[in-house]
Amino acid sequence: MTPPALQVRGLTKRFGTTVVVDAVDLQIPPGRFTCLIGPSGCGKTTLLRMLAGLESASGGQVEIDGDDVTGRSPAQRGVGMVFQSYALFPHMSVEKNIAFGLRRGTSAAARRARVDALLETVGLPGFAKRSPRELSGGQQQRVAIARALATDPKILLLDEPLSALDPLIREQLRDELRALQRRLAVTTVMVTHDQAEALAVADDLAVMRSGRIEQIGSPEDIYNRPETAFIASFVGAANLIPADVCGLGAVRLWGRVETPAPSASFTVGESVTFAIRPEAVRLVSADDARIKAVVATRSFAGAMVRLELAPEHAPESRLMADIPAFGGAPEAGAVVGLEFPSVRVRVFPRSAGELA
Amino acid sequence: MRVLRWGENLPALAFLAAMTVFLVAPLLSLFAQAVVSPAGGLTGAVLLRFASAPGLKAAVRNTALLGVGVAAIVLPLAFATAYALERTRLPYRRVLAAVAGAPLLVPSLLPALALVYLFGRQGLLTPVFSGRTAYGWPGLLAADAFAAFPHALILLRTALSAADGRLYEQAALLGAGPWRTFWRITLPGARHGLVSAGVVVFSLTIADVGAPKVIGGGLNVVALEVYKAVLGRQDFPLGAAGALMLLAPSLLAVAIERLAARRQAALVSSGSTAYRPKPQRARDLGLGLLCGLVGFVIVGLLGVCQWAALVRLWPYDLGFTLQSYDFDRFDGGGWSAAIDSLLLGLGTAAFGVLAAFLGAYVAERTRAATPLRSAVAVLALAPASTPGLALGLAYILYFNDPSNPLHVLYGGFAILVAATVTHYYTVAHLTFVSAVKALDHEFEAAGRALGKSRLVVMARVIAPLSAPALVEVSVYLFVAATTTVSAVVFLYPPDVKLAAVAVLNMDDAGDSAPAAAMGTLILYMNLVARLVGLAARSRLARLAPS
Amino acid sequence: MTRAPRLTVMVLAALAAASCSQRPKVVVYTAAEADQIPAYAASFKAAHPDIDLVWVRDSTGVVTAKLMAERKAPKADVVFALAATSMIALDQQGLLQPFAPDGAGRLASRFKDGADPPHWTGEALWSVAVCVNTDEARKRGLPIPQSWEDLTKPVYRGMVSMPDPASSGTGLLAVGAWLQMFGEAKGWDFMDRLDKNIASYVHSGSKPCKDAARGEIPIGISIDYRAAEAKTQGLPIAVVEPKEGVGWDLEATALVKGAHDEKAGRTFVNWAMSPDAMRLYAKNLGMVADPSVHARPPGLPANFADHLAPIDLKWTALNRDRIIDRWSRSYGSKSKNES
């Protein structure tokens with residue numbers, strides 16, 4: 001069994017008395033694209049920099065290909081990094097930037113060949129003599145990637161590489177980034193705060209919060225089977241409703257109305273949080289429905305229409321439902337019936353202060 | 001488990017060690033004179049003697065007013081000029097830059113001398129002001145402002161030259177008019193530059209002795225008290241006490257500068273676009289007139305000096321003569337003084353650039369522990385607040401001691417270079433700090449991630465990107481060395497004569513015309529240096545990828 | 001292969017020999033006027049061509065301060081033509097090496113320090129004189145003053161400049177002389193009245209006369225040979241030796257204790273007291289130590305010696321701090337503006 005490309009055990013970082021990264025364990029198999037996401041301040045960038053060797057660890061270990069690299073400099077670890085601002089050297093040509101990390105002994109011809117190869121790889125053939133100041137944001141990013149790849153790193157680390165770009169380019173570059181990673185099969189860890197982006201590119205997603213990794217899994221896993229209410233609402237949108245367990249397979253929403261839910265692991269009477277995604281909410285005719293709601297607002301989003309619903313049993317709350325636009329969605333003020341298919345429902349233990 | 005970051009702290013410690021040897025230790029030995037009694041214990045007697053000296057209160061008041069007054073005059077003018085140079089497309093900007101830097105090219109005595117020729121008893125323009133002469137406050141403020149102006153300009157130019165074009169485009173899109181843009185974007189961005197410039201101007205002014213001597217009338221300032229104590233009464237402890245008094249307000253100013261520095265963000269990264277100034281009629285006209293006036297005054301005063309050097313005997317015989325250039329007849333070592341000054345200039349520029357760049361690098365681009373970084377910042381500003389006289393005296397006392405292992409430095413060129421580099425360290429340091437602060441802070445991290453040490457990044461990235469500042473600082477230090485007097489007057493070895501010292505001595509002896517003549521010689525030598533610098537800068541601009 | 005080592009040995013030997021047979025060198029710190037130094041240097045070189053002569057010339061205050069600061073490792077061998085009042089201060093600090101120059105016996109007693117062997121010897125004398133710019137005087141209707149008392153008259157208000165005793169040796173000796181001539185009480189009273197007429201106190205002894213020569217100030221209290229010089233240059237200057245008498249000081253020479261080359265230093269001091277040197281001094285200064293050499297610089301009045309007040313230099317030197325303190329308290333704080 002091949003050792004994981006990257007293994008982190010109990011990695012901790014403290015600034016004074018503040019713990020920014022809290023005993024993180026992580027295993028990344030080789031060739032995978034892993035995204036670290038989380039709200040700002042959760043420690044994801046610090047963790048990334050510790051993987052790079054730019055931040056020293058207060059505790060724990062980092063292993064790359066079975067080698068304990070804790071305490072080693074970035075170059076000694078064999079990592080490459082792309083920074084949020086790219087940090088391209090403005091006074092050097094693209095070629096010189098990319099060749100910066102190459103060893104001193106290499107001949108000029110070898111350097112040029114390597115640079116040209118890298119430029120081909122990132123899709124910028126012939127850009128060698130240009131200056132970074134002349135390049136667009138997307139082109140700069142690609143040069144930054146080429147520069148990081150020049151040293152043949154075992155691990156590629158990306159710190160919010162797409163955040164500085166405008167959305168049109170971002171999507172295109174996101175796909176290119178993914179394709180590039182697949183082509184090169186280089187183990188990649190990317191930090192981003194854009195969860196849609198993470199869902200699109202990652203093989204594995206690690207959701208961080210307050211210095212800890214709350215859940216790691218494939219994007220589908222995280223999206224469809226979030227393990228906490230926080231993850232449910234951070235990755236994608238979620239309706240979170242306070243409920244009590246009233247039996248095997250049912251909960252009472254707002255303590256008032258029953259609905260089926262996978263509550264087997266909970267005891268009767270326990271307070272839980274009932275979660276369902278907007279697109280999973282089914283609208284039915286109001287006549288037979290147990291759960292009714294009034295459409296408070298309706299916004300058109302192209303493929304979907306998002307409805308904000310005020311439930312009959314809890315008129316101050318708001319539920320969200322995403323309905324396909326084609327085929328007609330109810331207007332504001334209409335009364336509708338709601339159904340929450342149990343297979344799309346997640347139930348979490350209720351913790352204080354979680355529900356908005 | 002805490003990891004001690006020796007790697008990060010080491011450069012800062014090295015800098016502090018160097019500063020200790022070349023600044024702190026000599027000053028401490030001087031100040032020990034002021035607080036250590038002959039018996040060996042601490043005593044406040046000397047300080048008390050100085051503090052109770054008659055006229056000290058007035059001297060302190062005058063010194064404070066002078067420092068603030070000159071800063072109040074210089075900062076707006078220097079800012080306007082820097083703005084005109086960096087943020088507009090006024091024609092003849094190069095000429096303006098050259099002229100605006102001219103006061104640096106002559107010893108600080110010279111403008112005072114020119115003012116006497118213009119507004120003294122026999123002044124050319126005195127009748128215009130119904131016979132009121134410039135002696136006293138008007139002349140003093142004018143002479144010191146003239147001398148301090150280029151120091152402020154160099155700092156403000158560096159601060160204003162780092163501009164992110166995107167911010168201005170944003171402002172324009174949001175409908176901000178020129179005033180709002182100026183108030184909300186330009187000015188805050190230059191805040192650090194303004195504060196440093198104010199500190200430097202204030203400190204230089206309160207330590208100056210030349211102008212008060214020549215044109216102060218009877219106005220007493222603390223610097224004069226120090227001068228009188230050391231050179232008139234050879235009372236070193238008393239002089240040291242006075243120097244301490246001059247140091248205190250400057251240290252306070254330094255503290256203020258530190259506070260302002262904390263809030264300056266990186267202005268330029270590889271993502272920002274260059275700022276392309278656009279012409280604006282009303283603003284350009286106003287600025288053009290103001291700068292024209294400033295330039296006229298500067299050229300005028302220097303021109304008067306040149307005229308006075310060519311006149312047989314002012315005001316009685318205005319015939320042309322070159323006799324004032326026959327330096328061997330007068331004090332100072334004649335023409336060889338010019339050569340020695342040139343050598344001092346080159347040595348100071350070379351060592352000073354290295355020292356200041358490294359110091360600024362340590363201050364801004366290493367992650368040393370906070371107390372170390374604060375110490376570095378404070379010590380970097382200390383030289384500007386140290387009166388040259390105190391520094392020279394401190395050096396002679398500290399280095400001329402046979403029990404000091406560094407004794408070997410004394411009596412040669414080396415100590416002159418050391419003293420001059422230390423004396424003028426601050427502006428050099430601050431210029432590099434401005435330049436280096438503005439560079440993307442991830443450069444070092446990127447270099448490390450690519451396997452290159454901090455040293456490599458410093459040499460291949462930070463230094464080349466600071467090249468314009470490098471040229472600026474070299475010229476500044478060269479020129480400073482050729483015009484400096486107060487620090488070196490104690491230190492120059494017997495076989496070295498210095499031109500600026502010659503000017504001082506000749507003026508002291510009342511030989512104003514030869515003093516002016518030697519001053520013009522220094523001016524021309526420094527003009528050549530400036531031109532070389534300009535050529536280098538334009539060459540750099542052409543080499544850098546656009 | 002054997003040539004290289006031999007060559008090296010020869011070169012090293014030559015270098016060693018060169019450093020052993022170094023020429024004697026004398027380093028002279030002096031406050032003599034710069035334009036007088038070339039003549040002195042030529043005269044010394046003619047008499048002693050084998051000794052290298054290095055001058056460090058600066059104002060009295062700087063030279064004195066430098067010598068004091070360098071006391072732990074003196075760089076100078078000889079102090080030459082320094083005001084005696086400063087020389088006495090150096091002597092008090094123990095910086096001088098006693099030495100009796102050749103032919104000291106024939107020198108006038110006024111020029112000696114009284115010790116045996118002497119710590120320093122004076123070679124020439126200069127005095128305080130008043131320079132009056134006759135053009136300016138005429139323009140403003142000022143009578144030429146004849147006495148110190150005259151200078152306190154109201155007609156001269158704001159018309160007079162004199163050196164500041166806190167920073168100029170000339171100023172100090174003028175004040176010291178007044179105190180000795182008039183007695184302390186009357187002396188300070190005189191200065192109180194004179195102060196009203198002073199436009200500014202300058203920081204150099206020569207400056208008041210040079211300013212007067214330029215018409216920058218009508219009347220300057222300054223050094224006598226500056227006044228004489230201005231007159232001989234044809235400038236509108238009248239040299240006045242006030243009736244009551246004038247203060248004076250000596251230009252003195254001494255060996256520095258702990259000097260590098262004491263032998264060369266002694267040679268220099270001997271030269272400084274030689275008839276050749278005396279003749280040179282006589283060209284510029286009103287009186288020289290060798291009574292057989294008559295000083296008659298053009299511009300100075302013939303009865304120069306008669307005006308010299310009977311003062312004790314040592315008294316001025318010893319009371320320097322007290323005098324300067326009192327003077328600064330009374331006049332140093334006033335801010336004067338030109339009229």
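Residues numbered from 1 in each chain as written. Chains lettered and ligands numbered in written order. Predicted model: local features only at pLDDT ≥ 70, side-chain atom pairs only at ≥ 80, totals over all residues. Heavy atoms only, no water.

S.K.: Can you explain the packing of helix α3 (residues 56-87) of chain B against helix α4 (residues 93-100) of chain B? Please cite residues and give values.
M.R.: Residues and elements named next belong to chain B. Direction vectors running N to C along α3 and α4 enclose 145°, while the axes themselves pass 10 Å from each other. Handedness of the α3/α4 crossing: left-handed. Taking contact as the criterion, the partners of Thr-81, Ala-84 and Leu-85 in α3 are, on α4, Arg-93, Leu-96, Ala-97 and Ala-100. (Axes fitted to C-alpha atoms, helices over the stretch in contact; angles between N-to-C directions. Helix = DSSP H or I, 4+ residues; strand = E, 2+ residues; numbered from the N terminus. Left-handed = near helix turned anticlockwise from the far one by under 90°. Contact = heavy atoms within 4.5 Å.)

S.K.: Could you give me a rundown of the side chain of Thr-188 of chain A, with the residues and numbers involved?
M.R.: Checked against the element boundaries, Thr-188 of chain A lands in strand β8 (residues 187-192). Among residues more than four places away in sequence, those in contact with Thr-188 of chain A are Arg-32, Phe-33, Thr-34, Leu-156, Leu-158 and Gln-181 of chain A.

S.K.: Talk me through the interface of chain C and chain B; I want residue IDs and the actual numbers.
M.R.: On the side of chain B, 53 residues touch chain C, which itself brings 56 residues to the contact. Both sides together, the interface formed by chain C and chain B hides about 4600 Å², and carbon and sulfur atoms give 51% of it. If you look at where chain C meets chain B, you find zero salt bridges. Our enumeration of links across chain C and chain B arrives at two residue pairs in polar contact (both at pLDDT 80 or more). Of all elements in the fold, only β2 (52-57), α3 (60-69), α5 (134-140), α8 (207-213) and α13 (320-332) of chain C reach the threshold of two or more residues within the side of chain C that touches chain B. Across the side of chain C that touches chain B, the residue classes tally to 19 nonpolar, 15 polar and 22 charged. (Buried area = accessible area lost by both parts, 1.4 Å probe. Salt bridge = Lys/Arg side-chain N within 4 Å of Asp/Glu carboxyl O. Polar contact = N/O pair within 3.5 Å; in protein donor to acceptor, adjacent residues only side chain to side chain. Nonpolar A, V, L, I, M, F, W, Y, C, P; charged D, E, K, R; others polar.)

S.K.: Any chance you could break down the sheet that holds strand β19 (residues 335-339) of chain A for me, citing the residues and the numbers?
M.R.: All names here are of chain A. Ordered in space as β15-β19-β16-β17-β18, the five strands form an open sheet in which the pairing is antiparallel. Each edge of the sheet is formed by a strand with only one pairing partner; in this case those strands are β15 (282-284) and β18 (319-324). Averaged over neighbouring strand pairs, the angle between their axes works out to 50° when direction is ignored. Note: strand β16 (residues 291-301) against β19, four bridges, orientation antiparallel. Across the sheet, the residue bridging to Lys-292 is Gly-337, located in β19. (Pairing = 2+ DSSP bridges.)

S.K.: Mind laying out the domain arrangement of chain C, listing which residues take part and the relevant values?
M.R.: Residue and element names in this part refer to chain C. When its domains are assigned, chain C resolves into domain 1 (8-125 + 249-304) and domain 2 (127-247 + 308-336). Once you take the C-alpha centre of each, domain 1 and domain 2 turn out to be 29 Å apart. Residue-level contacts link 21 residues of domain 1 with 17 residues of domain 2. Overall, the association of domain 1 and domain 2 removes approximately 1800 Å² of surface from exposure, summing both partners, and the carbon and sulfur fraction of that is 62%. Together, Thr-85, Asp-249 and Phe-304 form the three largest contributors to the area buried by domain 1 at its contact with domain 2, with a combined 27%. Inspection of the region where domain 1 meets domain 2 yields one salt bridge. A salt bridge links Glu-33 to Arg-226, with the nearest nitrogen and oxygen atoms 2.2 Å apart. Where domain 1 meets domain 2, there are three residue pairs in polar contact (both at pLDDT 80 or more). If you list the elements that add at least two residues to the side of domain 1 that touches domain 2, you get α4 (84-92) and β10 (248-256). (Domains from an automatic or database assignment.)

S.K.: Could you give an account of a nonpolar patch on the surface, with specific residues and numbers?
M.R.: All names here are of chain B. Taken together, Leu-124, Leu-125, Val-128, Phe-129, Trp-307 and Leu-318 make up a surface patch of nonpolar side chains, about 560 Å² in accessible area. Residue position: Leu-125 is located in the loop between α5 (109-119) and α6 (137-161). Overall, the relative accessible area of 34% leaves Leu-125 in the partly exposed class. (Patch = residues over 30% accessible without salt bridge, like charges linked within 9 Å, V, L, I, M, F, W, Y side chains within 5 Å. Areas by Shrake-Rupley, 256 points an atom, 1.4 Å probe, with all protein chains shown as cover. Buried < 20%, exposed > 50% of the residue type's maximum accessible area, 1.4 Å probe, protein only.)

S.K.: Explain the state of the cysteines to me, and be specific about the residues and the numbers.
M.R.: What the rule picks out here adds up to one disulfide over all chains. Cysteine Cys-35 of chain A shares no disulfide, and the gap to the nearest cysteine sulfur, in Cys-42 of chain A, comes to 13 Å. (Disulfide = S-S within 2.5 Å.)

S.K.: Go over helix α5 (residues 137-149) of chain A, please, and point to the residues and values.
M.R.: In this model α5 of chain A runs 18 Å from its N-terminal to its C-terminal C-alpha over 13 residues, within 8% of the 18 Å that 1.5 Å per residue would give. Most of α5 of chain A is tucked away, with 11 of its 13 residues classed as buried. Every buried residue belonging to α5 of chain A is among Gly-138, Gln-140, Gln-141, Arg-142, Val-143, Ala-144, Ile-145, Ala-146, Arg-147, Ala-148 and Leu-149 of chain A, and all of these are buried. Among the structural elements, β6 (79-82), α3 (94-99), α4 (108-122), β7 (155-159) and α6 (167-184) of chain A together with α19 (443-449) of chain B are those in contact with the buried residues of α5 of chain A. (Expected span 1.5 Å × (residues − 1).)

S.K.: Tell me what's going on with the domain arrangement of chain B, and back it up with residues and numbers.
M.R.: Residues and elements named next belong to chain B. Split into domains, chain B comes out as domain 1 (1-35 + 322-546) and domain 2 (44-320). Once you take the C-alpha centre of each, domain 1 and domain 2 turn out to be 20 Å apart. Approximately 5000 Å² of surface area, both sides summed, lies buried where domain 1 meets domain 2, with 73% of it carried by carbon and sulfur atoms. Viewed at the interface, domain 2 and domain 1 are joined by zero salt bridges. Taken together, the links from domain 1 to domain 2 amount to four residue pairs in polar contact (both at pLDDT 80 or more). Elements supplying a minimum of two residues to the side of domain 1 that touches domain 2: α1 (6-35), α15 (370-385), α16 (388-399), α18 (425-437), α21 (467-483), α22 (499-508) and α23 (512-543). Ranked by the residues each element gives to the side of domain 1 that touches domain 2, the list is headed by α23, at 15 residues.

S.K.: I'd love a proper account of the interface of chain A and chain B, names of residues and values included.
M.R.: Facing the 32 residues of chain A at the interface are 24 residues of chain B. It is Leu-54, His-91 and Phe-100 of chain A in chain A that bury the most area against chain B; as a group they hold 24% of the surface buried on that side. The tally of links between chain A and chain B comes to one salt bridge. Inspection of the region where chain A meets chain B yields five residue pairs in polar contact (both at pLDDT 80 or more). Among the elements of the structure, α2 (74-77), β6 and α5 of chain A are those that each provide at least two residues to the side of chain A that touches chain B. Ranked by residues supplied to the side of chain A that touches chain B, first place goes to α5 of chain A with three residues. Classifying every residue of the side of chain A that touches chain B by side-chain character gives 15 nonpolar, nine polar and eight charged.

S.K.: Please give an account of the environment of Leu-158 of chain A that cites residues and values.
M.R.: Residues and elements named next belong to chain A. Note that Leu-158 resides in strand β7. Taking the C-alpha atoms as reference, Leu-158 lies 6.2 Å from Val-189; in sequence the two are 31 residues apart. Excluding its chain neighbours within four sequence positions, the residues that come into contact with Leu-158 are Phe-33, Leu-48, Val-82, Leu-177, Thr-188, Val-189, Met-190 and Val-191.

S.K.: Tell me about the arrangement of the chains, and name the residues and values.
M.R.: There are two pairs of chains in contact here, and the one with the most contacts is chains B and C. Contact between chain A and chain C is absent, and the least distance between their C-alpha atoms amounts to 38 Å.

S.K.: Residues and numbers for empty space enclosed by the protein, please.
M.R.: Residues and elements named next belong to chain B. Under the definition given, this model contains 14 cavities of 30 Å³ or more. Put simply, the largest cavity is a space of about 760 Å³. If you trace the largest cavity, you find 44 residues lining it, with Ser-108, Asp-208, His-423, Tyr-424 and Ser-486 closest to the centre. If one sorts the elements of the lining of the largest cavity by residue count, helix α9 (residues 191-207) sits on top with five residues. Looking at the lining of the largest cavity residue by residue, the class counts come to 28 nonpolar, 12 polar and four charged. Lining the lining of the largest cavity are residues from two domains, each supplying at least three of them: domain 1 (1-35 + 322-546) and domain 2 (44-320). By volume, the second largest cavity is sized at about 550 Å³. (1 Å grid on protein atoms, 1.4 Å probe; cavity = no way out; pocket = protein on both sides within 12 Å on 5 of 7 lines; lining within 4 Å. Points joined across faces, edges and corners; volume = space filled by probe spheres on them.)

S.K.: Outline the pairing of strand β10 (residues 212-217) of chain A, listing residues and values.
M.R.: Residues and elements named next belong to chain A. Sheet analysis places strand β9 (residues 204-209) next to β10, joined by five bridges and oriented antiparallel. Bridge pairing links Val-207 to Gln-215 in β10. Hairpin connection between β9 and β10: a loop of two residues separates the two successive antiparallel strands, and Ser-210 in this loop has a positive phi of roughly 50°.

S.K.: Account for the packing of aromatic side chains, with residues named and values stated.
M.R.: Scanning the entire structure with this criterion turns up 28 aromatic pairs over all chains. When the centroid spacing of 5.3 Å and the interplanar angle of 50° are considered together, the rings of Phe-268 of chain C and Trp-271 of chain C count as tilted. One end of the pair, Phe-268 of chain C, and the other, Trp-271 of chain C, are both in helix α10 (residues 262-272), three residues apart, so they sit about a helical turn from each other. For Phe-268 of chain C, a relative accessible area of 0% translates into the label buried. The class of Trp-271 of chain C is buried, set by a relative accessible area of 4%. Residues Trp-327 of chain C and Tyr-331 of chain C carry aromatic rings whose centres are separated by 5.6 Å and whose planes lie at 75° to one another, so their mutual orientation is edge-to-face. Of this pair, Trp-327 of chain C and Tyr-331 of chain C both sit in helix α13, separated by four residues, roughly a single helical turn. Relative accessible area serves as the criterion here: at 2%, Trp-327 of chain C is assigned to the buried category. The rings of Tyr-40, Phe-44, Trp-55, Phe-80, Phe-268, Trp-271 and Tyr-281 of chain C are connected pair by pair, giving a single aromatic cluster. Taking the ring centre of Phe-89 of chain A as reference, the NZ or CZ of Arg-147 of chain A above it sits at 4.8 Å. The ring centre of Tyr-117 of chain B lies 5.6 Å from the NZ or CZ of Arg-214 of chain C, which sits over that ring. (Phe/Tyr/Trp six-rings, centres within 6.5 Å; stacked < 30°, edge-to-face > 60°. Lys NZ or Arg CZ within 6 Å of the ring centre and 35° of its normal.)

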